[in-house]
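Here's the letter readout for the chains.
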Amino acid sequence: MRDGQPNPVTRLADYQPPAFLVPDTRLDVDLRDGETRVTAHLKLERNPARADRPDELVLDGDHLDLRSVVLDGRELAPGDDYRLDGPRLIIPGVPEAFSLTTEVRIEPEKNTALEGLYRSNGMYCTQCEAEGFRRITFFPDRPDVLSRFTTTIHADKGAYPLLLSNGNPVDAGDEADGRHFATWEDPFPKPCYLFALVAGDLACLADTFTTASGRDVALRLYAEHRDLDKLDHAMDSLKRSMAWDEKVFGREYDLDIFQIVAVSHFNMGAMENKGLNIFNTSCVLAHPATTTDAGFERVESVVAHEYFHNWSGNRVTCRDWFQLSLKEGFTVFRDQEFSSDMNSRAVVRVENVDFLVNHQFPEDQGPMAHPVRPAEYQKIDNFYTLTVYEKGAEIVRMQSQLLGAEDFRRATDLYFERFDGQAVTCDDFVACMEQVSGLDLAQFKRWYAQAGTPVLTVEDEYVDGEYRLTFEQHTPPTPGQPDKAPLMVPVKLALLDGEGRALPLDDQGRTETVVILREARETRAFPVPARPTPSLLRGFSAPVSLRYDFDERQLNTLLAHDSDGFCRWDAAQRLYFAALARVVDGGETPADQVARLTPVIEQVIARADEDPAQAALLLTLPTENAVGDRHTPLHPQRVHAAVSGLRAALGEALADAWWRLAEGLRESDYQGDGAAMGRRRLRQVALGYLAAAAGAGQVDPEPLVAHLSATLAAPTCMTEELGALRALVHNRLPGHDAALKAFGERWKDEPLVMDQWFGVQATVPGADTVDRAEALLAHPAFEWTLPNRVRAVIATLVNANPSAFHAPDGSGYRLFARALKKLDGINPQIAARLANGGARLKRLEPGLAQQLGDALRDLRPGASANLAEVLDRILDA
Ligand code: PHE
Ligand code: ZN
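Residues numbered from 1 in each chain as written. Chains lettered and ligands numbered in written order. Predicted model: local features only at pLDDT ≥ 70, side-chain atom pairs only at ≥ 80, totals over all residues. Heavy atoms only, no water.

> Report on the site of ligand 1, specifying residues and quantitative values.
Residues in close proximity to ligand 1 total 13 residues, the closest being Glu-129, Glu-272, Glu-306, Glu-328 and Tyr-389. The side chain of Glu-129 places a nitrogen or oxygen atom 2.6 Å from a nitrogen atom of ligand 1. Between ligand 1 and Lys-327 there is a distance of 3.5 Å, counted from a nitrogen atom to a side-chain nitrogen or oxygen. Relative to its unbound accessible surface of 320 Å², ligand 1 loses 94% to contact with the protein. Elements supplying a minimum of two residues to the shell around ligand 1: β20 (270-271), α2 (293-308) and α3 (324-342). When grouped by side-chain class, the residues that make up the shell around ligand 1 number five nonpolar, three polar and five charged. (Near = heavy atom within 4 Å. Polar contact = N/O pair within 3.5 Å; in protein donor to acceptor, adjacent residues only side chain to side chain. Areas by Shrake-Rupley, 256 points an atom, 1.4 Å probe, with all protein chains shown as cover. Helix = DSSP H or I, 4+ residues; strand = E, 2+ residues; numbered from the N terminus. Nonpolar A, V, L, I, M, F, W, Y, C, P; charged D, E, K, R; others polar.)

> Provide a residue-level description of the sheet that holds strand β26 (residues 466-474), including the pertinent values.
Taken together, four strands build an open sheet; the order of strands is β29-β26-β25-β31 and the sheet is mixed. Pairing within the sheet leaves two strands with one partner each, and these edge strands are β29 (521-527) and β31 (545-547). The average angle at which neighbouring strand axes cross in this sheet is 25 degrees, direction not considered. Across nine bridges, the pairing between strand β25 (residues 455-463) and β26 is antiparallel. Within β26, the residue paired with Val-458 across the bridge is Phe-471. (Pairing = 2+ DSSP bridges. Axes fitted to C-alpha atoms, helices over the stretch in contact; angles between N-to-C directions.)

> Which residues make up the coordination of the zinc ion (ligand 2), and what values go with them?
Around the zinc ion (ligand 2), the donor atoms from the protein are His-305 (NE2), His-309 (NE2), Glu-328 (OE) and Glu-328 (OE), and they sit 1.9 to 2.8 Å away. For the zinc ion (ligand 2), the six donor atoms are set out with angles of 50 to 161 degrees between them, so the coordination reads as irregular. Positions of the donor residues of the zinc ion (ligand 2), expressed as sequence spacing, correspond to H-x3-H-x18-E. Residue His-305 is found in helix α2, and its partner Glu-328 is found in helix α3; the two are separated by 23 residues along the sequence. (Donors = N, O, S within 2.8 Å, 3.2 Å for Na, K, Ca; no water. Tetrahedral: all angles 85-135°; square planar, octahedral: opposite > 155°, others 65-115°.)

> Please provide a residue-by-residue account of the packing of helix α4 (residues 345-364) against helix α10 (residues 565-584), values included.
Running from amino to carboxyl end, α4 crosses α10 at an angle of 45 degrees, the nearest separation of the two axes being 10 Å. The angle between α4 and α10 falls in the class oblique. You can see that α4 and α10 cross each other, and the crossing is right-handed. On α10, the residues that touch Val-350, Val-353, Asp-354 and Val-357 of α4 are Gly-565, Phe-566 and Trp-569. Class assignment of the residues belonging to the contact of α4 with α10 gives a composition of five nonpolar, one polar and one charged. (Parallel < 35°, antiparallel > 145°, perpendicular 65-115°, else oblique. Left-handed = near helix turned anticlockwise from the far one by under 90°. Contact = heavy atoms within 4.5 Å.)

> Lay out the sheet that holds strand β8 (residues 88-91) in plain terms, naming residues and giving numbers.
Read across the sheet, three strands follow the order β4-β8-β7 without closing on themselves; strand pairing throughout is antiparallel. Each edge of the sheet is formed by a strand with only one pairing partner; in this case those strands are β4 (57-59) and β7 (83-85). Averaged over all adjacent pairs, the angle separating strand axes in this sheet is 30 degrees, with direction ignored. Sheet topology places β7 next to β8; three bridges connect them, and they run antiparallel. Counted as the bridge partner of Arg-83 is Ile-90 from β8.

> Which residues make up the packing of aromatic side chains, and what values go with them?
Two measures describe an aromatic ring pair: the distance that separates the ring centres and the angle between the ring planes. Within this structure, the stated rule accounts for 39 aromatic pairs. With 6.0 Å between their ring centres and 45 degrees between their planes, Tyr-253 and Tyr-307 make a pair best called tilted. Placement of Tyr-253 in the loop between α1 (232-249) and β19 (257-263) and of Tyr-307 in helix α2 is noted, with a sequence separation of 54 residues between them. Across the pair, Tyr-307 and Tyr-253 agree in class, each one buried. One Lys or Arg, Arg-630, reaches over the ring of Phe-577 and ends 3.5 Å from the middle of that ring. (Phe/Tyr/Trp six-rings, centres within 6.5 Å; stacked < 30°, edge-to-face > 60°. Buried < 20%, exposed > 50% of the residue type's maximum accessible area, 1.4 Å probe, protein only. Lys NZ or Arg CZ within 6 Å of the ring centre and 35° of its normal.)

> Tell me about the environment of Phe-258, and name the residues and values.
Within the secondary structure, Phe-258 sits in strand β19. Classification of Phe-258 by relative accessible area gives buried; the value is 2%. Along the sequence, Phe-258 and Tyr-307 sit 49 residues apart, while their C-alpha atoms lie 9.1 Å from each other. Not counting the four nearest positions on each side in its chain, Phe-258 is found in contact with Val-217, Ala-218, Leu-219, Arg-220, Leu-238, Tyr-253, Gly-275, Asn-277 and Tyr-307.

> Residue-level account of helix α7 (residues 426-437), with values.
Its 12 residues give α7 an end-to-end C-alpha distance of 17 Å, which sits within 8% of 16 Å, the value for a rise of 1.5 Å per residue. Every buried residue of α7 is listed here: Cys-426, Phe-429, Val-430, Cys-432, Met-433 and Val-436. With its buried residues spanning 145 degrees around the axis, α7 presents them on a single face. (Expected span 1.5 Å × (residues − 1). Arc of directions from axis to C-beta.)

> Describe unusual backbone geometry, naming the residues involved and giving the relevant values.
Omega for the bond connecting Glu-129 with Ala-130 falls within 30 degrees of zero, at -5 degrees, which places this linkage in the cis form. Checked against the element boundaries, Ala-130 lands in the loop between β11 (123-127) and β12 (148-156). The backbone of Asp-177 sits at a positive phi, close to 60 degrees, despite the residue not being glycine. Mapped onto the elements, Asp-177 comes out in the loop between β14 (168-175) and β15 (179-185).

> Give a description of the nonpolar core that names residues and reports values.
Formed by 285 residues in total, the largest nonpolar core has its most connected members in Ile-91, Tyr-415, Trp-658 and Ile-794. Top element by residues in this core is α10. It accounts for 12 residues. (Core = buried A, V, L, I, M, F, W, Y, C linked by side-chain atoms within 4.5 Å.)

> Run through the side chain of Thr-711, naming residues and quoting values.
With respect to the element layout, Thr-711 can be found in helix α17 (residues 701-713). Classification of Thr-711 by relative accessible area gives buried; the value is 6%.

Quick look at the structure:
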């Protein structure tokens, strides 16, 4: 807790290499309820790269009860030989090379922050990234200190039959009093943030993978015994990831064993600890009866993501935490490419772009905006952001496009080879791209340093047989960065004729070209026979906000004929945004929009069986947040009325078409392939429109309620079951309460399904959902110490239910503030992350802004460093 003191700031410009290196680390962890003991034997030596040769050793620690310090066999005395400076251990006058043994006591049972060593449902587990290792033992807790770890774990054999750590098992045996031990040795030097340990009684799914060079790798997935039947999809995803990384990036796995443990209490999605990944149960467990199709997709991509980190993150790691995107942006790019190869590339691209523009863009345009490589932070935990991950992936994607597939592969080969076993920077990554391609990427690197979403304004004219496009780029100011320089922006484009055919753009008849912009304003000319419709930013070739004054005819042409999946989706979104703007600001009604939109929608529906998943995306209206972000000041209730009104109006006007889809796509039994998932997705969209119309009293609810009830009585899978429940509950259709009750009863023993049950209720539109959320917080199954449950109720209410969160009486804000205060005492990382839900404060109309500001200001005194950093940015912006 800070007491009115500002948090210390860490700056990239202050980076210095570590004073001491730790070539070898032997840990001995003696797990006992209430008195866990950690003994660390470190071999240390002065770092020749550090010119000023400090003779003090400074080790990080946090929440450690220090019992003894032994240097080269001599026990040190507190005061004279060492001192504790806040959380740090300082030993002055140390030799060039020495051994150090420390013994500490820790209390994993009381660790609700879920960093370091903690307990979850009767097992012990760890989370060390970014700075959690210091809660286990004293150590230079920074990613550029790589050490070879040997770990011995002791525990009660009955309660903890399974003892795991990184690397390979090298020893195990029984000890007195029903206890046992196991020793693991990791041959690869690694930073301590990749350390992991697990002790528990877990079920195991085992398999093997034979690498390209013919080595057999043992694969082990662990979960609670009751979840053993939910591990097949993760295993399958893992094997496909391993094969894909060999084929596409030439990367083979390097240990003899790869393990994943599923843990209920986890702050994030998953963690790539060397050879021992630890996963949030929500990102590894999957079964058709309990997991939606979206959940299956998420498991596939997170398993791949963590596996891919073995090279992009573990073998080559980050020099400091400012370089976080070096591993995260690159690894997200890799997992996106994997998902594209495993599923429909066009659909995955639209999903990724949709996520970026609807979540990362708002971050980049609000008080938390920061560069992909930040220049400073207070708590690094607050920088595991969509900017570092998703925008970081776009920056890697742009480089892959600039180089082309072959050169990009040569450049990543060079990167992995040159930096294997090292801790490096984003500059090192780009240098490999430059060396292989001969491109000068100096200007390109501004993408790493400059925050904010660039706005690309395009104007056109057709003169004398020439179509001229003028591009103007401008990046608005962001906190701490008032002025921005022009970026290198690759704009992929095509030009469509009146029939929607792409025109040839060169002698070879190529119909697609990439314009690489470097200046604030540039014009390009294309000789074409008549004024075309421009298809701009194809594939979303750069993460910019595109402004071009498309007319409705052009958008219809793009939607109907463009071969680029992103441009079709973008055209549909622009049509919806325009219709909604006419309602929010233009005084028109939702019903007024129907005549203009129905031909478009009918056309998409007519072609839906070409690709049902893509049709589902094309038929999905923008979210209330997305619409609200286009109107200043923000009136959330007005936006809600417009979006829900339009959905109901389209539901009514096209009821027959929606019914045909809903009935035609109904499955008699479950199938798990991508095509079946696409059909279910489209069916859910159709049901959503019908339910909106029924809920608004614009169509007779009776047949729909009968249909949904039949689904709930005999669902083929969770996608269907949850979809039916959501349709009933969100639209308050007859029988919704009974359906909720039955669902809650049926799934009370499945925590991940109960998260969905809580989430459905927290997202019922309308201000009265705040009261419902209060009741959910008092529900016996609600747990403040379980991040998934907290997210299911509070994060969903705040981030995905604007009409409730922004209740006119301010009750949503007060609930938010109370929850933040409570959580901050339990888990500051989760509190800070949740606090980002207040980031639209300055966009709100004054009455609401006042109430939200008051609620958040009350939290400042006594806030944790994590929460304080976020509150300060939001309130002081
Ligand atoms: N490094 C993890 C990833 O794969 C994320 C993470 C960060 C998990 C910090 C836990 C704590 O993205
Ligand atoms: Zn990652």
